[in-house]
Amino acid sequence: MTVAVALLSAVLVIVVAVLAAAGAGKLSRLDGATYPAALTRAATAFAAVVTLAATVTAALAALLT
């Protein structure tokens, strides 16, 4: 059961990160950015979401132990 919850949480984080990256890329293209700049912004948004999830997980793990 614990492994299933961990896998579902990881999948949820990846899906949210991909959606945030797609939104950031689309918004930057609508703003007039070039494709490389839009890709850079999308990658930054993806990395930010994954980093935030890792930070929250580490903080919760520290609180629960």
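Just so we're clear, the structure is a prediction, and the values are computed from it rather than from any experiment. (Residues numbered from 1 in each chain as written. Predicted model: local features only at pLDDT ≥ 70, side-chain atom pairs only at ≥ 80, totals over all residues. Heavy atoms only, no water.)

Student: Even after reading the chapter, I still don't get helix α1 (residues 2-30), so can you show me in this structure?
Tutor: Structurally, the α-helix is built with 3.6 residues per turn, so residues lying three or four positions apart point the same way. In a regular helix each residue adds 1.5 Å, so 29 residues correspond to 42 Å; α1 covers 42 Å between its end C-alpha atoms and thus fits that length. Ala17, Ala21, Gly25 and Ser28 are the residues of α1 that are buried. Count one or two residues on from α1 and you reach glycine 32, which has phi positive near 100°. (Helix = DSSP H or I, 4+ residues; strand = E, 2+ residues; numbered from the N terminus. Expected span 1.5 Å × (residues − 1). Buried < 20%, exposed > 50% of the residue type's maximum accessible area, 1.4 Å probe, protein only.)

Student: Explanation requested: the environment of serine 9 in the structure shown.
Tutor: Examined against the element boundaries, serine 9 turns out to sit in helix α1. Separated by 51 residues in sequence, serine 9 and leucine 60 have C-alpha atoms that sit 14 Å apart. Within the structure, the side chain of serine 9 is placed 2.8 Å from the backbone oxygen of valine 5, a separation counted as a polar contact. (Polar contact = N/O pair within 3.5 Å; in protein donor to acceptor, adjacent residues only side chain to side chain.)

Student: Please explain the packing of aromatic side chains as it appears in this structure.
Tutor: How two aromatic rings sit relative to each other is set out by the distance from centre to centre and by the angle between their planes. In total, this model carries zero aromatic pairs according to the counting rule given. When the ring centre of tyrosine 35 is taken as origin, the NZ or CZ atom of arginine 29, which lies over that ring, is 3.8 Å away. (Phe/Tyr/Trp six-rings, centres within 6.5 Å; stacked < 30°, edge-to-face > 60°. Lys NZ or Arg CZ within 6 Å of the ring centre and 35° of its normal.)

Student: I tried to follow the packing of α1 against helix α2 (residues 35-64) on my own but got confused; where do I start?
Tutor: Two quantities define a packed helix pair, namely the angle between the helix axes and the distance between the axes. One can describe the packing of α1 onto α2 by two numbers: an axis separation of 8 Å at closest approach and a directional angle of 150°. If you check the angle between α1 and α2, you find them roughly antiparallel. Seen along the crossing, α1 lies across α2 with a hand that is right-handed. Between α1 and α2, the contacting residues are Val13, Ile14, Val16, Ala17, Val18, Ala20, Ala21, Ala24, Gly25, Ser28 and Arg29 on the first element and Tyr35, Ala38, Arg41, Ala42, Ala45, Phe46, Val49, Val50 and Ala53 on the second. Of the residues contributing to the contact of α1 with α2, the split by class is 16 nonpolar, two polar and two charged. (Axes fitted to C-alpha atoms, helices over the stretch in contact; angles between N-to-C directions. Parallel < 35°, antiparallel > 145°, perpendicular 65-115°, else oblique. Left-handed = near helix turned anticlockwise from the far one by under 90°. Contact = heavy atoms within 4.5 Å. Nonpolar A, V, L, I, M, F, W, Y, C, P; charged D, E, K, R; others polar.)

In short, shape yes, function no, at least from these values alone.
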